[in-house]
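Coordinate inspection notes
Letter by letter, the chains look like this.
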Amino acid sequence: MIMSTLINGKEVSLLLRENIKSETALLKDRYNKVPKLAVILVGNNPASQTYVNSKGKAALECGFEYKDYFLSDNTTEEELINLVNTLNNDESVNGILVQLPLPKHINEEKVINTIKSEKDVDGFSPYNTGLLAIGEDCLMPCTPAGILELLKYYNISTVGKRVCVIGRSNIVGKPIALMLMQKGWDATVTVCNSKTENLTEETKRADIIIAAIGKPNFLTGDMVSDGAVVIDVGINRVEDKTKKKGYRIVGDCDFDSLVDKCSFITPVPGGVGPMTITLLMNNTLKAFKNHLEK
Ligand code: NAP
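Residues numbered from 1 in each chain as written. Predicted model: local features only at pLDDT ≥ 70, side-chain atom pairs only at ≥ 80, totals over all residues. Heavy atoms only, no water.

A separate point is the overall build of the chain. Looking only at helices and strands, one finds ten helices and eleven strands in the chain. Taken against the 2.2 N^0.38 rule, which gives 19 Å for 294 residues, the C-alpha radius of gyration of the chain at 19 Å falls within 12% of a compact globule. The C-alpha extent of the chain, read off along each of the three principal axes, is 55 × 40 × 35 Å. Expressed as a percentage of the 294 residues in the chain, the buried residues total 47%. Nonlocal contacts in the chain, meaning residues at least 24 apart in sequence, comprise 71% of its contacts between residues at least 6 apart. When the accessible surface of the chain is split by element, carbon and sulfur atoms take 51% of a total near 14900 Å². (Helix = DSSP H or I, 4+ residues; strand = E, 2+ residues; numbered from the N terminus. Rg over C-alpha atoms; globule rule 2.2 N^0.38 Å. Buried < 20%, exposed > 50% of the residue type's maximum accessible area, 1.4 Å probe, protein only. Contact = heavy atoms within 4.5 Å. Areas by Shrake-Rupley, 256 points an atom, 1.4 Å probe, with all protein chains shown as cover.)

Ordered in space as S1-S11-S8-S7-S5-S6, the six strands form an open sheet in which the pairing is parallel. If you trace the sheet from one side to the other, it starts and ends with strand S1 (5–6) and strand S6 (188–192), each paired once. Where strand S5 (residues 162–166) lies against strand S7 (residues 208–211), four bridges are found, and the strand directions are parallel. By the bridge assignment for S7, Val165 is matched with Ile210. (Pairing = 2+ DSSP bridges.)

The next point concerns the site of the ligand. Close contacts around the ligand come from 22 residues, with Arg168, Ser169, Asn193, Ser194 and Thr276 the closest. Within the contact set of the ligand, an oxygen atom lies 2.5 Å away from a side-chain nitrogen or oxygen of Ser169. In the shell around the ligand, the residues fall into nine nonpolar, ten polar and three charged. (Near = heavy atom within 4 Å. Polar contact = N/O pair within 3.5 Å; in protein donor to acceptor, adjacent residues only side chain to side chain. Nonpolar A, V, L, I, M, F, W, Y, C, P; charged D, E, K, R; others polar.)

Attention shifts here to the sheet that holds strand S4 (residues 95–98). Taking strand neighbours across the sheet as the criterion, the three strands line up as S3-S2-S4 in an open arrangement whose pairing is parallel. The sheet is open, and its two edges are formed by strand S3 (65–71) and S4, each paired on a single side. For this sheet the average axis-to-axis angle between neighbouring strands, irrespective of direction, equals 15 degrees. In this structure, strand S2 (residues 36–42) lies alongside S4, joined through four bridges in parallel fashion. (Axes fitted to C-alpha atoms, helices over the stretch in contact; angles between N-to-C directions.)

Below, the discussion takes up the pairing of strand S8 (residues 229–232). Side chains of S8 alternate between two faces, with Val229 and Ile231 and Val230 and Asp232 buried alike. Here S8 pairs with strand S11 (residues 264–265) via two bridges, running parallel. Its bridge partner being in S11, Val229 is matched across the sheet by Phe264.

Now for helix H10 (residues 273–293). The end-to-end C-alpha separation of H10 is 32 Å, in line with the 30 Å expected for 21 residues at 1.5 Å each. Residues of H10 that are buried include every one of Met275, Ile277, Thr278, Leu279, Leu280, Met281, Asn283, Thr284, Leu285, Ala287 and Phe288, and no others. Packed against the buried residues of H10 are helix H1 (9–31), S2, helix H2 (46–61), S4 and helix H6 (142–153). (Expected span 1.5 Å × (residues − 1).)

This part is about the state of the cysteines. Disulfides are covalent bonds that connect the sulfur atoms of two cysteines. Under the defined criterion, the tally for this structure stands at zero disulfides. Summary of cysteine pairing: Cys62 is not part of a disulfide, and the nearest cysteine sulfur, belonging to Cys142, is at 12 Å. For Cys62, a relative accessible area of 2% corresponds to the buried category. Looking at Cys262, it has no disulfide partner, and the nearest cysteine sulfur is the one in Cys253, 8.2 Å off. (Disulfide = S-S within 2.5 Å.)

Right, let's get into the packing of H1 against H6. Here H1 crosses H6 at 100 degrees, and the two axes come no closer than 11 Å. Considered as vectors, H1 and H6 are oriented roughly perpendicular to each other. Side by side, H1 and H6 meet where Gly9, Glu11, Val12, Leu15 and Leu16 of the first sit next to Glu149, Leu150 and Tyr153 of the second. Here the contact of H1 with H6 is built from residues that sort into five nonpolar, one polar and two charged. (Parallel < 35°, antiparallel > 145°, perpendicular 65-115°, else oblique.)

Here is the structure:
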């Protein structure tokens, strides 16, 4: 049995937010300006509304200006693109975020591609993705950037280590794999997907496993080697009648069977989750500083 260390995303996130807040205050004293984040939500998906509210709260806590745009479900693609273009041309706005998913009649890719790359604080645009792929400075997608911050904080070296990423989405799996293969992080990265044969063979030989699958409790203790580091990105709702809401949140990793085998593990909630919004704030501050330097 191994005494594993719980990676406390809440704590790291709070520390980073304090730094963002202090830097924002210093910049305000110097330039009499603060970063401004604009968030657009189309429709009334309750989960998306909660995310948008949390982003607004975090932005104001960091000392930013914040504006949200709540648009109705029947907003057209053209109307949404016009709003994005207005915000692109507004010098006072540093970051634009369009909350996903969008209603089916709107092409998400087209909308995301409309956001100016220097204001793309989600880091999803093809331009920022391209910069990431060639190892250039860019606005990085927030969840994988948050994972890097957790690894740094806990001094978990990836140099020369085998990292197994389960999942190849554009928002988590692919970018975290790209980040960890860069010089400096120097990991040997394997990226798995739903067609991977003998997944357990891949996970068992990994020093670090990053699970971004979207399946509750998928990775179990028998799939990892003793001393592995497990980073659980999953956020899944499972029915739980004992809870007021009728559900609880679990990750992609079966915490109970893993906890005595891992050297480090992220809990869900309280692991990777809190980092995402904090890194969004970090990207907004970065976009603001880049604008000041122009
Ligand atoms: P996604 O777009 O649905 O991608 C899931 C990936 O998992 C796909 O690449 C899929 O492979 C792979 N997969 C599915 N079943 C598999 C299997 N049996 N073996 C190996 N790979 C398998 O999901 P996502 O957007 O990356 O999100 C993943 C999870 O992270 C979700 O629970 C999501 O809610 C959560 N998430 C959390 C945060 C956060 O802030 N903490 C942010 C984003 C996402 P194929 O490509 O072959 O289908």
